[in-house]
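The chain contents come next:
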Amino acid sequence: MTSTTTTHPLYTPNTETPRATFPGIPFGRLVRVEWGKATDTRAARWLLIAVAASTVGLMLAPLLSPSSIDQSYTNYLGFAAVALSILLPVVSILTLTSEWSQRTALATFTQEPRRMRIITAKITVSLMLGVGAAVFGGLVTAAGLGVAAASGRTLEANLNAGLLAAFLLYVVLNVMTGVALGSLVHNSAAAIVASFVLPIGFALLGRASQLVADWLDYSTAFNWLLNGQWSGHTAQILVSVILWVAIPLAAGLVRTVRREIN
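Definitions and cut-offs
- Throughout this description, residue numbers start from 1 for each chain and increase along the sequence as written.
- Local features in this predicted model are restricted to residues whose pLDDT is 70 or higher, and side-chain atom pairs enter the listing and the counts only when it is 80 or higher, whereas totals over whole chains, interfaces and linings include all residues.
- Note that water and hydrogens are dropped before the side-chain values are worked out from all heavy atoms of the structure.
- Planes of paired rings set the category: under 30 degrees apart is stacked, over 60 is edge-to-face and the rest tilted, where pairs are Phe, Tyr or Trp rings (Trp by its six-membered ring) whose centres lie within 6.5 Å.
- Starting at the N terminus, helices and strands are each numbered in turn, a helix being any DSSP run of H or I of at least four residues and a strand any DSSP run of E of at least two.
- Under the scheme applied here, a residue whose accessible area is under 20% of the maximum for its type counts as buried, over 50% as exposed, and between as partly exposed, the area being computed with a 1.4 Å probe on protein chains only.
- Ring-over charges, as used throughout, are those where CZ of Arg or NZ of Lys falls within 6 Å of the ring centre and within 35 degrees of the ring normal.
- To estimate how far a helix should reach, multiply one less than its number of residues by 1.5 Å.
- The angle between axes fitted to the seven residues ending at a residue and the seven residues starting there is what we call the bend at that residue.
- To form a nonpolar core, buried Ala, Val, Leu, Ile, Met, Phe, Trp, Tyr and Cys residues must be joined to one another through side-chain atoms within 4.5 Å.
- We call two residues in contact when some of their heavy atoms are within 4.5 Å.
- In what follows, salt bridge is the name for a side-chain nitrogen of Lys or Arg lying within 4 Å of a carboxyl oxygen of Asp or Glu.
- Only the contacting stretch of a helix is used when fitting its axis, a line to C-alpha atoms as for every element, and angles between N-to-C directions run 0 to 180 degrees.
- For this classification, under 35 degrees means roughly parallel, over 145 means roughly antiparallel, 65 to 115 means roughly perpendicular, and everything else is oblique.
- Crossings are assigned a handedness: left-handed for a near helix turned anticlockwise from the far helix by less than a right angle, right-handed for a clockwise turn.
- In protein, a polar contact requires one atom able to donate a hydrogen and another able to accept it; more generally it is a pair of N or O atoms within 3.5 Å, and residues adjacent in sequence count only if both atoms are side-chain atoms.
- Throughout this entry, Asp, Glu, Lys and Arg are counted as charged residues, while Ala, Val, Leu, Ile, Met, Phe, Trp, Tyr, Cys and Pro are counted as nonpolar. The remaining residues, Gly among them, count as polar.

Trainee: Tell me about the packing of aromatic side chains, and please be specific about residues and values.
Mentor: Scanning the entire structure with this criterion turns up 4 aromatic pairs. With 5.2 Å between their ring centres and 90° between their planes, phenylalanine 202 and tryptophan 244 make a pair best called edge-to-face. A residue pair is termed long-range when its members are at least 10 positions apart, and phenylalanine 202 in helix H7 (residues 188–208) and tryptophan 244 in helix H10 (residues 234–258) qualify at 42 residues. Ring centres 4.9 Å apart and planes at 55° place the aromatic pair tyrosine 218 and tryptophan 244 in the tilted group. Remark: tryptophan 244 occurs in helix H10 and tyrosine 218 occurs in helix H9 (residues 218–226); sequence separation between them is 26 residues. Residue tyrosine 218 is classed as buried on the basis of its relative accessible area of 9%. Every member of this aromatic cluster is reached through a ring pair, and the members are Phe202, Tyr218, Phe222 and Trp244. The lysine or arginine in question, arginine 115, covers the ring of phenylalanine 109, its NZ or CZ lying 4.8 Å from the ring centre.

Shown next, in the form of structure tokens:
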């Protein structure tokens, strides 16, 4: 009777074991997923409809009050910009806070552990929505100007490429304030309340202090940008961008990357 002996290789701690490597999720797919989260839910659709409706509704103001509102191209475009700055930042806030408010962060960050790629995809979607909304606002403005011209009004054609670029930048910066708040706060309700309360609070403080109005109230700085009033206000505009977009966004990115998921 014979016996067989099976030998096994000895394990040594220094031996490198092969690791299975899996390709990362393509960034384009992440953007498509985040786009779906931002636009395909019922709440998101109604919010986007509200953004469109408020833009069209506010455009009626210069149309219905020609004697009390300046009839110029830039003024009509300004009404579209104001309408977009009201609710559009809320869309970007929800885009950044959805993982924490809906408790899907565990599933999302398990499928893609590199959180910065998720955040970058969310910011990309927010910017896409901002640019799309700016284009929509431009079309609504063109329609409003067409109706005004058809009614026989005299319109001041004072619009140029610089003011169009300022309009786009104004919309994008307002979107980015929502992105910054959403990434920092991680709570939808608190971030939305802050997006309305903080500008109002600093505007009221600005009435008592010119320093606050010029340097801390970003609504004033962004309005200078929208109106193309760079001369003499460039420093204030840059400070507002740093205080209200760059700093809270940087802090929010750090918090999102380091936050533990319970």
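Trainee: For H10, give the residues involved together with the corresponding values.
Mentor: Helix length check: H10 (25 residues) gives 35 Å between terminal C-alpha atoms against 36 Å at 1.5 Å per residue, within 8%. Bending of H10 peaks at approximately 35° at the position of isoleucine 242. Buried residues of H10: Gln236, Ile237, Ser240, Trp244, Val245, Pro248, Leu249, Gly252, Leu253 and Thr256, and no others.

Trainee: Lay out the nonpolar core with the relevant residues and their values.
Mentor: For soluble globular proteins, nonpolar side chains are generally found buried alongside one another. Counting 44 residues, the largest nonpolar core has Phe167, Val171, Met176, Val179 and Leu249 as its most contacted members. The set of elements that each furnish at least two residues to this core consists of helix H1 (27–39), helix H2 (42–64), helix H3 (73–101), helix H4 (105–111), helix H5 (115–150), helix H6 (161–185), H9 and H10. Element by element, the count of residues in this core is highest for H6, at 10 residues. Those residues in contact with methionine 176 that sit more than four places away from it in its chain are Ile123, Leu127, Val245 and Leu249. Core analysis: the next-biggest nonpolar cluster, separate from the first, contains 8 residues, Met59, Leu63, Tyr76 and Leu155 among them.

Trainee: Can you break down the pattern of salt bridges residue by residue, with the values?
Mentor: Across all of its chains, the model carries 6 salt bridges by this definition. In this structure, glutamate 99 and lysine 122 form a salt bridge, with 3.0 Å as the shortest nitrogen-oxygen distance. Separated by 23 residues along the polypeptide, glutamate 99 in helix H3 and lysine 122 in helix H5 bring together distant segments of the chain. The exposure class of glutamate 99 is buried, given its relative accessible area of 1%. Among the salt bridges present, the one from arginine 114 reaches glutamate 112, with a minimum N-O distance of 3.0 Å. Overall, glutamate 112 belongs to the buried group, its relative accessible area being 3%. The network of salt bridges with common partners includes Glu34, Lys37, Glu99 and Lys122.

Trainee: Can you lay out the side chain of serine 126 for me, pointing to particular residues and giving the numbers?
Mentor: You can see serine 126 is positioned in helix H5. Residue classification places serine 126 among the buried residues on the basis of a relative accessible area of 1%. Look past the residues within four positions of serine 126 in its chain and what remains in contact with it is Ser92, Thr95, Leu96, Val175 and Val179.

Trainee: Hey, could you go over the packing of H5 against H10 for me, with residue numbers and the actual values?
Mentor: Following both chains from N to C, one finds H5 and H10 inclined at 135°, their axes separated by 9 Å at the closest point. One element, H5, and the other, H10, form an angle in the oblique class. As for how H5 packs across H10, the hand of that crossing is right-handed. Facing Arg115, Met116, Ile119 and Ile123 of H5, the residues of H10 in contact are Leu249, Leu253, Thr256, Val257 and Arg258.

Trainee: Describe H9, with residues and values.
Mentor: Buried residues of H9: Tyr218, Ala221, Phe222, Trp224, Leu225 and Leu226, and no others. On its buried face, H9 sits against H3, H6, H7, helix H8 (210–215) and H10. At the N-terminal boundary of H9, the capping side chain belongs to aspartate 217, with an oxygen 3.2 Å from the backbone nitrogen of serine 219. Backbone geometry just after H9 places glycine 228 at a positive phi near 70°.

Trainee: Residues and numbers for the packing of H3 against H7, please.
Mentor: Relative orientation of the contacting elements H3 and H7 amounts to 155°, with a least axis distance of 9 Å. Overall, the two elements H3 and H7 adopt an arrangement that is roughly antiparallel. The two elements H3 and H7 meet at a crossing, and its hand is right-handed. Listed contacts from H7 to Ile86, Val90, Ile93, Leu94, Thr97 and Ser101 of H3 are Ser188, Ala191, Ile192, Ser195 and Phe196. Along the lines of polarity and charge, the residues of the contact of H3 with H7 split into 7 nonpolar, 4 polar and no charged.

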